[in-house]
2 protein chains.
Amino acid sequence: MANSPPRAAAPAALPAEPTQASRFGKARTAQSGALLEDYVELIADLLADGGEARPTDIARRLGVTHATAIKTIGRLKREGLAVAKPYRGVFLTEAGEKLALRVRARHRVVVDLLLAVGVPMESAESDAEGIEHHVSDVTLAAFARFLGRT
Amino acid sequence: MANSPPRAAAPAALPAEPTQASRFGKARTAQSGALLEDYVELIADLLADGGEARPTDIARRLGVTHATAIKTIGRLKREGLAVAKPYRGVFLTEAGEKLALRVRARHRVVVDLLLAVGVPMESAESDAEGIEHHVSDVTLAAFARFLGRT
DNA sequence: CGGCAAGTGTAGCTTTGGCTACAAGATATA
DNA sequence: TATATCTTGTAGCCAAAGCTACACTTGCCG
Ligand SMILES: [Mn+2]
Ligand SMILES: [Mn+2]
Ligand SMILES: [Mn+2]
Ligand SMILES: [Mn+2]
(Lines give C-alpha, C1' and ligand atoms only; values in the text may rest on other atoms or scores of the structure.)
(Ligands and ions follow the chains in the order given, each with its own letter.)
Protein backbone atom coordinates (compact mmCIF):
# COMPACT_ATOMS: atom_id res chain seq x y z
CA MET A 1 0.00 0.00 0.00
CA ALA A 2 1.04 3.62 -0.43
CA ASN A 3 2.78 5.38 2.38
CA SER A 4 0.90 8.18 4.04
CA PRO A 5 1.64 11.08 1.69
CA PRO A 6 4.07 13.78 2.88
CA ARG A 7 1.62 16.59 3.25
CA ALA A 8 2.02 19.75 5.32
CA ALA A 9 -0.17 18.25 7.97
CA ALA A 10 -1.88 19.85 10.92
CA PRO A 11 -0.53 18.78 14.30
CA ALA A 12 -1.31 15.18 15.08
CA ALA A 13 -3.74 16.37 17.71
CA LEU A 14 -4.71 19.85 18.74
CA PRO A 15 -3.45 20.85 22.19
CA ALA A 16 -6.04 20.71 24.95
CA GLU A 17 -8.13 23.86 25.02
CA PRO A 18 -6.90 25.27 28.34
CA THR A 19 -3.31 24.58 27.38
CA GLN A 20 -3.63 26.40 24.11
CA ALA A 21 -5.51 29.28 25.69
CA SER A 22 -2.78 29.68 28.29
CA ARG A 23 -0.10 29.76 25.60
CA PHE A 24 -1.86 32.45 23.62
CA GLY A 25 -2.58 34.33 26.80
CA LYS A 26 1.06 34.33 27.76
CA ALA A 27 2.03 35.67 24.37
CA ARG A 28 -0.49 38.49 24.80
CA THR A 29 0.80 39.31 28.26
CA ALA A 30 4.39 39.36 27.07
CA GLN A 31 3.48 41.64 24.24
CA SER A 32 1.80 44.13 26.51
CA GLY A 33 5.06 44.72 28.34
CA ALA A 34 7.22 44.89 25.24
CA LEU A 35 6.93 48.59 24.57
CA LEU A 36 7.84 49.57 28.10
CA GLU A 37 10.82 47.24 28.02
CA ASP A 38 12.12 48.81 24.84
CA TYR A 39 11.72 52.32 26.20
CA VAL A 40 13.45 51.52 29.44
CA GLU A 41 16.32 49.77 27.72
CA LEU A 42 16.77 52.63 25.29
CA ILE A 43 16.62 55.27 27.98
CA ALA A 44 19.25 53.42 29.98
CA ASP A 45 21.49 53.23 26.92
CA LEU A 46 21.07 56.92 26.16
CA LEU A 47 21.80 57.87 29.74
CA ALA A 48 24.87 55.67 29.81
CA ASP A 49 26.05 56.96 26.48
CA GLY A 50 25.50 60.66 26.71
CA GLY A 51 24.22 61.35 30.18
CA GLU A 52 20.80 62.42 28.97
CA ALA A 53 17.70 60.94 27.43
CA ARG A 54 15.60 63.53 25.68
CA PRO A 55 12.12 62.77 24.34
CA THR A 56 13.09 63.76 20.82
CA ASP A 57 16.08 61.44 20.77
CA ILE A 58 14.01 58.61 22.15
CA ALA A 59 11.41 59.24 19.49
CA ARG A 60 13.92 59.34 16.66
CA ARG A 61 15.60 56.12 17.75
CA LEU A 62 12.27 54.34 18.06
CA GLY A 63 11.03 55.68 14.76
CA VAL A 64 7.92 57.34 16.15
CA THR A 65 6.85 60.94 16.52
CA HIS A 66 7.82 62.85 19.61
CA ALA A 67 4.18 63.12 20.61
CA THR A 68 3.94 59.35 20.73
CA ALA A 69 7.15 59.09 22.72
CA ILE A 70 6.03 61.68 25.23
CA LYS A 71 2.75 59.90 25.75
CA THR A 72 4.52 56.61 26.39
CA ILE A 73 6.96 58.29 28.75
CA GLY A 74 3.85 59.31 30.63
CA ARG A 75 2.92 55.68 30.95
CA LEU A 76 6.44 54.90 32.17
CA LYS A 77 5.97 57.50 34.88
CA ARG A 78 2.54 56.20 35.82
CA GLU A 79 4.01 52.71 36.21
CA GLY A 80 6.85 53.95 38.37
CA LEU A 81 9.64 53.18 35.91
CA ALA A 82 10.75 56.68 35.05
CA VAL A 83 10.70 60.24 36.27
CA ALA A 84 10.83 63.38 34.19
CA LYS A 85 10.37 67.03 34.92
CA PRO A 86 9.22 69.22 32.06
CA TYR A 87 12.07 70.16 29.72
CA ARG A 88 14.53 68.31 31.88
CA GLY A 89 14.90 64.92 30.22
CA VAL A 90 13.93 61.45 31.37
CA PHE A 91 15.50 59.38 34.12
CA LEU A 92 14.86 55.91 35.44
CA THR A 93 13.63 55.03 38.88
CA GLU A 94 15.24 52.21 40.79
CA ALA A 95 12.62 49.87 39.38
CA GLY A 96 13.33 51.22 35.93
CA GLU A 97 17.05 50.65 36.25
CA LYS A 98 16.54 47.13 37.44
CA LEU A 99 14.25 46.39 34.54
CA ALA A 100 16.71 47.95 32.13
CA LEU A 101 19.51 45.72 33.33
CA ARG A 102 17.42 42.59 32.96
CA VAL A 103 16.15 43.59 29.55
CA ARG A 104 19.57 44.55 28.26
CA ALA A 105 21.10 41.27 29.40
CA ARG A 106 18.27 39.30 27.83
CA HIS A 107 18.61 41.24 24.59
CA ARG A 108 22.26 40.30 24.39
CA VAL A 109 21.67 36.64 25.09
CA VAL A 110 18.98 36.48 22.42
CA VAL A 111 21.18 38.12 19.81
CA ASP A 112 24.07 35.82 20.70
CA LEU A 113 21.86 32.76 20.51
CA LEU A 114 20.65 33.76 17.08
CA LEU A 115 24.20 34.35 15.90
CA ALA A 116 25.25 31.01 17.38
CA VAL A 117 22.74 29.08 15.30
CA GLY A 118 23.84 30.86 12.16
CA VAL A 119 21.57 33.88 11.77
CA PRO A 120 23.35 36.76 10.03
CA MET A 121 24.18 39.75 12.17
CA GLU A 122 21.66 42.29 10.98
CA SER A 123 18.78 39.79 10.95
CA ALA A 124 19.78 38.74 14.44
CA GLU A 125 19.73 42.31 15.73
CA SER A 126 16.51 43.11 13.95
CA ASP A 127 14.55 39.98 14.86
CA ALA A 128 15.85 40.00 18.41
CA GLU A 129 14.15 43.34 18.97
CA GLY A 130 10.80 41.52 18.75
CA ILE A 131 11.76 38.04 19.90
CA GLU A 132 13.32 39.10 23.19
CA HIS A 133 9.97 40.04 24.69
CA HIS A 134 8.69 36.49 24.31
CA VAL A 135 11.67 34.72 25.83
CA SER A 136 10.69 33.38 29.24
CA ASP A 137 13.13 32.90 32.07
CA VAL A 138 13.27 29.18 31.47
CA THR A 139 14.02 29.68 27.80
CA LEU A 140 16.58 32.36 28.58
CA ALA A 141 18.36 29.99 30.92
CA ALA A 142 18.44 27.35 28.20
CA PHE A 143 19.91 29.88 25.77
CA ALA A 144 22.63 30.81 28.25
CA ARG A 145 23.42 27.17 28.84
CA PHE A 146 23.63 26.54 25.12
CA LEU A 147 26.02 29.45 24.76
CA GLY A 148 28.22 28.01 27.47
CA ARG A 149 27.44 30.73 29.96
CA THR A 150 26.59 28.62 32.92
CA MET B 1 46.86 48.93 36.14
CA ALA B 2 43.39 47.54 36.87
CA ASN B 3 41.48 45.81 34.15
CA SER B 4 38.33 47.49 32.93
CA PRO B 5 35.83 46.29 35.52
CA PRO B 6 33.29 43.66 34.48
CA ARG B 7 30.15 45.79 34.63
CA ALA B 8 26.84 45.16 32.91
CA ALA B 9 27.75 47.74 30.34
CA ALA B 10 25.68 49.42 27.70
CA PRO B 11 26.55 48.48 24.13
CA ALA B 12 29.97 49.76 23.13
CA ALA B 13 28.27 52.23 20.86
CA LEU B 14 24.61 52.84 20.18
CA PRO B 15 23.48 51.77 16.73
CA ALA B 16 23.08 54.57 14.22
CA GLU B 17 19.72 56.26 14.60
CA PRO B 18 18.15 55.16 11.30
CA THR B 19 19.35 51.60 11.87
CA GLN B 20 17.81 51.42 15.29
CA ALA B 21 14.58 53.05 14.12
CA SER B 22 14.28 50.53 11.33
CA ARG B 23 14.76 47.63 13.75
CA PHE B 24 12.07 48.88 16.08
CA GLY B 25 9.84 49.61 13.12
CA LYS B 26 10.18 46.08 11.84
CA ALA B 27 9.26 44.69 15.24
CA ARG B 28 6.14 46.87 15.26
CA THR B 29 5.17 45.77 11.78
CA ALA B 30 5.67 42.11 12.61
CA GLN B 31 3.54 42.50 15.70
CA SER B 32 0.67 44.02 13.79
CA GLY B 33 0.31 40.87 11.72
CA ALA B 34 0.68 38.47 14.64
CA LEU B 35 -2.94 38.23 15.63
CA LEU B 36 -4.14 37.48 12.12
CA GLU B 37 -1.47 34.82 11.76
CA ASP B 38 -2.58 33.09 14.93
CA TYR B 39 -6.23 33.15 13.91
CA VAL B 40 -5.53 31.80 10.46
CA GLU B 41 -3.31 29.04 11.79
CA LEU B 42 -5.86 28.07 14.39
CA ILE B 43 -8.76 28.10 11.94
CA ALA B 44 -6.82 25.87 9.58
CA ASP B 45 -6.10 23.45 12.40
CA LEU B 46 -9.72 23.37 13.49
CA LEU B 47 -10.93 22.81 9.96
CA ALA B 48 -8.40 20.03 9.44
CA ASP B 49 -9.24 18.46 12.74
CA GLY B 50 -12.99 18.57 12.87
CA GLY B 51 -14.16 20.03 9.60
CA GLU B 52 -15.50 23.18 11.19
CA ALA B 53 -14.21 26.32 12.87
CA ARG B 54 -16.85 27.95 15.02
CA PRO B 55 -16.36 31.36 16.60
CA THR B 56 -16.91 30.01 20.09
CA ASP B 57 -14.27 27.31 19.66
CA ILE B 58 -11.82 29.82 18.24
CA ALA B 59 -12.49 32.09 21.18
CA ARG B 60 -12.03 29.38 23.76
CA ARG B 61 -8.77 28.19 22.26
CA LEU B 62 -7.42 31.73 22.10
CA GLY B 63 -8.58 32.54 25.59
CA VAL B 64 -10.71 35.51 24.63
CA THR B 65 -14.44 36.15 24.66
CA HIS B 66 -16.50 35.20 21.65
CA ALA B 67 -17.27 38.85 21.02
CA THR B 68 -13.58 39.56 20.61
CA ALA B 69 -13.12 36.58 18.33
CA ILE B 70 -16.05 37.56 16.13
CA LYS B 71 -14.71 41.07 15.76
CA THR B 72 -11.31 39.78 14.70
CA ILE B 73 -12.92 37.34 12.29
CA GLY B 74 -14.46 40.45 10.78
CA ARG B 75 -11.00 41.83 10.26
CA LEU B 76 -9.93 38.53 8.67
CA LYS B 77 -12.80 38.90 6.22
CA ARG B 78 -11.99 42.52 5.49
CA GLU B 79 -8.43 41.52 4.69
CA GLY B 80 -9.52 38.73 2.39
CA LEU B 81 -8.22 35.88 4.52
CA ALA B 82 -11.49 34.28 5.56
CA VAL B 83 -15.12 34.01 4.64
CA ALA B 84 -18.03 33.39 6.95
CA LYS B 85 -21.76 33.52 6.56
CA PRO B 86 -23.78 34.27 9.69
CA TYR B 87 -24.22 31.20 11.90
CA ARG B 88 -22.34 29.08 9.40
CA GLY B 89 -18.76 28.91 10.69
CA VAL B 90 -15.53 30.31 9.34
CA PHE B 91 -13.55 29.20 6.29
CA LEU B 92 -10.29 30.33 4.76
CA THR B 93 -9.87 31.92 1.37
CA GLU B 94 -7.07 30.81 -0.89
CA ALA B 95 -4.91 33.59 0.54
CA GLY B 96 -5.87 32.46 4.03
CA GLU B 97 -4.89 28.87 3.32
CA LYS B 98 -1.57 29.88 1.89
CA LEU B 99 -0.83 32.03 4.90
CA ALA B 100 -1.87 29.22 7.22
CA LEU B 101 0.55 26.82 5.60
CA ARG B 102 3.44 29.25 5.89
CA VAL B 103 2.62 30.12 9.47
CA ARG B 104 2.19 26.52 10.51
CA ALA B 105 5.50 25.51 8.99
CA ARG B 106 7.27 28.43 10.63
CA HIS B 107 5.69 27.60 13.98
CA ARG B 108 7.07 24.09 13.77
CA VAL B 109 10.56 25.18 12.85
CA VAL B 110 10.64 27.66 15.71
CA VAL B 111 9.52 25.07 18.23
CA ASP B 112 12.04 22.57 16.92
CA LEU B 113 14.84 25.13 17.06
CA LEU B 114 14.01 25.92 20.65
CA LEU B 115 13.96 22.25 21.54
CA ALA B 116 17.25 21.74 19.72
CA VAL B 117 19.04 24.31 21.85
CA GLY B 118 17.69 22.75 25.01
CA VAL B 119 14.48 24.59 25.84
CA PRO B 120 12.01 22.33 27.65
CA MET B 121 8.94 21.31 25.68
CA GLU B 122 6.23 23.39 27.30
CA SER B 123 8.37 26.54 27.37
CA ALA B 124 9.22 25.96 23.74
CA GLU B 125 5.57 25.68 22.75
CA SER B 126 4.57 28.62 24.87
CA ASP B 127 7.34 31.02 23.90
CA ALA B 128 7.15 30.01 20.24
CA GLU B 129 3.61 31.33 20.12
CA GLY B 130 5.03 34.83 20.47
CA ILE B 131 8.48 34.41 18.97
CA GLU B 132 7.31 32.99 15.65
CA HIS B 133 5.85 36.31 14.54
CA HIS B 134 9.23 37.98 14.76
CA VAL B 135 11.21 35.39 12.84
CA SER B 136 12.12 36.80 9.44
CA ASP B 137 12.63 34.66 6.36
CA VAL B 138 16.38 34.95 6.66
CA THR B 139 16.30 33.84 10.27
CA LEU B 140 13.88 31.04 9.49
CA ALA B 141 16.23 29.76 6.81
CA ALA B 142 19.09 29.81 9.29
CA PHE B 143 16.98 27.83 11.77
CA ALA B 144 16.17 25.23 9.13
CA ARG B 145 19.82 24.94 8.20
CA PHE B 146 20.80 24.53 11.81
CA LEU B 147 18.22 21.77 12.20
CA GLY B 148 19.67 20.01 9.19
CA ARG B 149 16.65 20.63 7.02
CA THR B 150 18.35 22.00 3.99
C1' DC C 1 -44.39 21.05 18.09
C1' DG C 2 -42.59 23.93 21.72
C1' DG C 3 -39.18 25.46 24.45
C1' DC C 4 -34.57 25.96 26.16
C1' DA C 5 -29.61 25.91 25.84
C1' DA C 6 -25.91 26.87 23.04
C1' DG C 7 -24.07 29.62 19.71
C1' DT C 8 -23.82 33.96 17.27
C1' DG C 9 -24.06 38.74 16.55
C1' DT C 10 -24.27 43.75 17.96
C1' DA C 11 -23.59 47.81 20.82
C1' DG C 12 -20.96 50.40 23.62
C1' DC C 13 -17.07 51.07 26.65
C1' DT C 14 -11.82 51.08 27.73
C1' DT C 15 -6.81 51.17 26.92
C1' DT C 16 -3.03 51.31 23.98
C1' DG C 17 -0.25 53.22 20.62
C1' DG C 18 -0.08 55.44 16.49
C1' DC C 19 -0.71 60.15 14.00
C1' DT C 20 -1.10 65.59 12.87
C1' DA C 21 -1.51 70.20 14.25
C1' DC C 22 -0.76 73.66 17.18
C1' DA C 23 1.12 76.13 21.34
C1' DA C 24 4.65 77.24 24.45
C1' DG C 25 9.28 76.89 26.60
C1' DA C 26 14.49 76.87 26.05
C1' DT C 27 18.56 77.83 23.64
C1' DA C 28 21.60 79.54 20.49
C1' DT C 29 23.12 83.22 17.58
C1' DA C 30 23.21 87.37 15.30
C1' DT D 1 18.88 91.90 23.58
C1' DA D 2 16.05 90.19 20.05
C1' DT D 3 14.96 86.69 17.14
C1' DA D 4 14.99 82.33 15.10
C1' DT D 5 15.33 77.42 15.73
C1' DC D 6 14.97 73.44 18.31
C1' DT D 7 12.55 70.96 21.77
C1' DT D 8 8.75 69.90 24.52
C1' DG D 9 4.07 69.57 25.60
C1' DT D 10 -1.07 69.31 24.60
C1' DA D 11 -5.28 68.34 22.10
C1' DG D 12 -7.83 65.68 19.27
C1' DC D 13 -8.29 62.05 15.94
C1' DC D 14 -8.03 56.99 14.61
C1' DA D 15 -7.78 51.80 14.61
C1' DA D 16 -6.94 47.63 17.11
C1' DA D 17 -8.03 44.52 20.62
C1' DG D 18 -9.86 43.57 24.72
C1' DC D 19 -14.27 43.48 27.73
C1' DT D 20 -19.61 43.16 29.38
C1' DA D 21 -24.36 43.21 28.42
C1' DC D 22 -27.98 42.26 25.66
C1' DA D 23 -30.56 40.36 21.66
C1' DC D 24 -31.40 37.10 18.16
C1' DT D 25 -30.85 32.28 15.69
C1' DT D 26 -30.32 27.52 15.64
C1' DG D 27 -30.96 23.15 16.74
C1' DC D 28 -31.95 19.63 19.85
C1' DC D 29 -35.05 17.10 22.85
C1' DG D 30 -38.98 16.11 25.50
MN1 LIG E 1 12.60 44.96 21.78
MN1 LIG F 1 15.97 45.26 22.89
MN1 LIG G 1 1.57 32.86 17.59
MN1 LIG H 1 1.56 29.57 16.22
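Residues numbered from 1 in each chain as written. Chains lettered and ligands numbered in written order. Predicted model: local features only at pLDDT ≥ 70, side-chain atom pairs only at ≥ 80, totals over all residues. Heavy atoms only, no water.

A. Molecular detail of the coordination of the manganese ion (ligand 3). Residues and elements named next belong to chain B. In the first shell of the manganese ion (ligand 3), the protein supplies D38 (OD), E129 (O), E129 (OE), E132 (OE) and H133 (NE2), at 2.0 to 2.2 Å from the metal. Counting along the primary sequence, the residues that act as donors to the manganese ion (ligand 3) give the motif D-x90-E-x2-E-H. Here the manganese ion (ligand 3) and the manganese ion (ligand 4) are spaced 3.6 Å apart, with E129 acting as a shared donor. Linking D38 in helix α1 (residues 17-50) with H133 in the loop between α5 (121-131) and α6 (137-146), this pair joins segments that are 95 residues apart in sequence. For the pair D38 and H133, one class covers both residues: buried. (Donors = N, O, S within 2.8 Å, 3.2 Å for Na, K, Ca; no water. Helix = DSSP H or I, 4+ residues; strand = E, 2+ residues; numbered from the N terminus. Buried < 20%, exposed > 50% of the residue type's maximum accessible area, 1.4 Å probe, protein only.)

B. Geometry of the interface of chain A and chain B. Contact residues are listed per partner, giving 54 residues for chain A and 54 residues for chain B. For the interface between chain A and chain B, the tally reads 6 salt bridges. We note a salt bridge from E122 of chain B to R23 of chain A, for which the minimum N-O separation is 2.7 Å. The tally of links from chain A across to chain B stands at 18 residue pairs in polar contact (both at pLDDT 80 or more). (Contact = heavy atoms within 4.5 Å. Salt bridge = Lys/Arg side-chain N within 4 Å of Asp/Glu carboxyl O. Polar contact = N/O pair within 3.5 Å; in protein donor to acceptor, adjacent residues only side chain to side chain.)

C. Representation of the protein's contact with DNA strand D in the model. Looking at DNA strand D, there are 20 residues lining it, with R28, R54 and T56 of chain A together with K71 and R75 of chain B nearest. Counted by atom, the contact set of DNA strand D within 4 Å of the protein is 63% sugar and phosphate. The separation between a sugar or linking oxygen of DNA strand D and a polar side-chain atom of Y87 of chain B is 3.1 Å. Listing elements by their share of the surface near DNA strand D, those giving two or more residues are α2 (55-62) and α3 (66-78) of chain A together with α3 (66-78) of chain B. In terms of residues, the surface near DNA strand D owes the most to one element, α3 of chain B, which gives 5 residues. Class assignment for the residues of the surface near DNA strand D results in 9 nonpolar, 4 polar and 7 charged. (Near = heavy atom within 4 Å. Nonpolar A, V, L, I, M, F, W, Y, C, P; charged D, E, K, R; others polar.)

D. Representation of the environment of E41 of chain A. Residue and element names in this part refer to chain A. Positionally, E41 belongs in helix α1 (residues 17-50). Under the relative-accessibility criterion, E41 is labelled buried at 8%. Sequence separation between E41 and P120 is 79 residues; the distance between their C-alpha atoms is 23 Å. When sequence neighbours within four positions are dropped, the list of residues in contact with E41 reads V103, R104, H107, E129 and E132.

E. Spotlight on the relation of the copies chain A and chain B. Once chain A has been moved 0.0 Å along the axis and rotated by 180°, it coincides with chain B to within an RMSD of 0.1 Å. The transformation just described matches what one would write down for a two-fold rotation axis. Taking C-alpha positions as reference, the residue of chain A nearest the rotation axis is I131 of chain A, located at 2.5 Å. The overlap is high: 100% of the interface residues of chain A also sit at the interface in chain B, so the same surface is used on both sides. (Least-squares fit on C-alpha atoms with pLDDT ≥ 70 in both.)

F. Focus on unusual backbone geometry. Residue and element names in this part refer to chain A. For Y87, which is not a glycine, the phi torsion comes out positive at approximately 65°. Mapped onto the elements, Y87 comes out in the loop between β1 (82-84) and β2 (90-92). The class of Y87 is exposed, set by a relative accessible area of 81%.

G. Looking closely at the nonpolar core. If you look at the biggest cluster of nonpolar residues, it comprises 26 residues, and the most contacted ones within it are L114 and F143 of chain A together with L114 and F143 of chain B. When contributions to this core are tallied by element, the ones reaching two or more residues are α4 (94-116), α5 (121-131) and α6 (137-146) of chain A together with α4 (94-116), α5 and α6 of chain B. Residues F24 of chain A together with L62, A69 and A100 of chain B belong to the second largest nonpolar core, which totals 24 residues. (Core = buried A, V, L, I, M, F, W, Y, C linked by side-chain atoms within 4.5 Å.)

H. Fine view of α5 of chain B. α5 of chain B sits mainly inside the fold: 8 of its 11 residues count as buried. Among the residues of α5 of chain B, those classed as buried are S123, A124, S126, D127, A128, E129, G130 and I131 of chain B. Taken together, the buried residues of α5 of chain B touch α1, α5 and α6 of chain A together with α1 and α4 of chain B.

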